[in-house]
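# Notes for the structure review
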Amino acid sequence: MVNRGRARVRRTQVGIIGAGPAGLFLAHLLHRQGIESVIVENRNRAEIEGTIRAGVLEQWTVDLMNEMGLGARMMREAHFHSGITLRFNGKSHHIDMEGLTGGKRVTVYAQHEVIRDLVAARLEDGGEIVFNVGETSLHDLDTDRPKIRYRRDRDGEVEEIHCDFIAGCDGFHGPSRPAIPEAARTEYQKVYPFGWLGILTEAPPSYPELIYANHERGFALLSTRSPEIQRLYIQCDPKDDIANWSDDRIWSELHARLATKDGWSLTEGPIFQKGIIAMRSFVCDPMQHGRLFIAGDAAHIVPPTGAKGLNLAVADVVVLSRGLVDYYRSGRMERLEQYSATALRRIWKAERFSWYMTTMLHRNEAETPFEQRIHLADLDYVVHSRAAATALAENYVGLPID
């Protein structure tokens, strides 16, 4: 590193902004191909590893982690299910995803656990993550020497990374997407009129797989975290105050929405975390400008009903890594030039599936009784049609990467 003016300057091949799933997976994919990268992240390590998030991994994501030597803890601690349960009108219907997709399973492994695995492996490999930076900005994107500028330790010395390419993996609120000129990008968004109230509870599992429930009082989801910790959600007003939701009120709603006519019961336990999240769909097109390529939440958001968020981020950087490998091996730019078009084909299919699952399973007060009955008919069709169930299953466990 050298001093140049007021900033300390360093050089790498690919500068990565953001140590989330997209940035970390990209760094590992490049490292395997001998391509150097540096990750800069505005949070510290404890923050990124301690941000509790759910996670359902598509089969190919599980396979990729194992192929890269990153999956040992996942294979020990994750929950592997043959399918999911759709529950409506008080009845449960198992969707046999493993049988419908030729052996692909549902893997429940929280996103923050994936992050922990990736960070540990990155540092063990000698790769660099610069944590806790501030004032990150992007420069000279239309040249062959784009730059990332940031302040180390938030209020420390200004540093600058000169790169061949920049990967913006810094989430919806990061600086990468706004670095694409407003006139050069189109943003598509749908804000849903409902949110999720999520809890973590100390209790044994109540059911052997995930339950997605459509109920007249609103959607509910039963998931899991470990043999001792369970994750559950209920549909709510995204503007509601969590203080309005006592533990008793939450359990009452969960019991009502997950109830069945066969006597099944939900096991309660102490709630040690609860919060409300809003839901939306978002896509930015294109996902590249000059030598900048954006990935993950910087480029798209999906409602969590379809279990696509982390998997889409990883798919983005698989496509991007292939283009970067082509460039460093042969100097060819064709795959990089097609990055956005290739990634968006898969993204829009995932957006469609997430919208489909969300609208089918939630109650929207703005809809007419006719529309609500259409959603129930959709559920009835899925659970009684092998073709419809197969379509749901192949989308849920993961479509191929082009």
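Preceding this section is the structure that the text describes.
Given the structure is predicted, the values throughout are model-derived calculations rather than measurements. (Residues numbered from 1 in each chain as written. Predicted model: local features only at pLDDT ≥ 70, side-chain atom pairs only at ≥ 80, totals over all residues. Heavy atoms only, no water.)

### Observations concerning the layout of surface pockets
- In this structure, the second largest pocket occupies an estimated 360 Å³ of space.
- Along its surface, the second largest pocket is lined by 17 residues, and Arg217, Gln235, Cys236, Arg363 and Glu365 are the ones closest to its centre.
- Only strand E15 (186-202), strand E18 (229-236) and helix H8 (247-258) provide two or more residues apiece to the lining of the second largest pocket.
- Here the lining of the second largest pocket is built from residues that sort into five nonpolar, four polar and eight charged. (1 Å grid on protein atoms, 1.4 Å probe; cavity = no way out; pocket = protein on both sides within 12 Å on 5 of 7 lines; lining within 4 Å. Points joined across faces, edges and corners; volume = space filled by probe spheres on them. Helix = DSSP H or I, 4+ residues; strand = E, 2+ residues; numbered from the N terminus. Nonpolar A, V, L, I, M, F, W, Y, C, P; charged D, E, K, R; others polar.)

### Some details on empty space enclosed by the protein
- Tallied over the full model, the rule gives three cavities of 30 Å³ or more.
- Computed from the structure, the largest cavity encloses a volume of approximately 60 Å³.
- Around the largest cavity sit Leu312, Ala315, Asp316, Val319, Thr342, Ala343, Arg346, Ile347, Ile401 and Asp402, which together line it.
- Among the residues making up the lining of the largest cavity, the classes are represented as six nonpolar, one polar and three charged.

### Some remarks on helix H6 (residues 111-124)
- Taking 1.5 Å of rise per residue, the 14 residues of H6 would be expected to cover 20 Å, and the 20 Å separating its terminal C-alpha atoms lies within 8% of that figure.
- Across the 14 residues of H6, ten count as buried, placing the element largely inside the fold.
- Among the residues of H6, those classed as buried are Gln111, His112, Glu113, Val114, Ile115, Asp117, Leu118, Val119, Ala121 and Arg122.
- Just past H6, the residue Gly126 takes up positive phi, approximately 85°. (Expected span 1.5 Å × (residues − 1). Buried < 20%, exposed > 50% of the residue type's maximum accessible area, 1.4 Å probe, protein only.)

### Some words on the pattern of salt bridges
- Summed over all chains, the structure comprises 24 salt bridges.
- A salt bridge links Asp164 to Arg145; its shortest N-O distance comes to 3.2 Å. Of this pair, Asp164 sits in the loop between strand E13 (158-162) and strand E14 (165-168) while Arg145 sits in the loop between strand E11 (134-139) and strand E12 (147-151), placing them 19 residues apart in sequence.
- Arg145 sits in the partly exposed class, given a relative accessible area of 37%. (Salt bridge = Lys/Arg side-chain N within 4 Å of Asp/Glu carboxyl O.)

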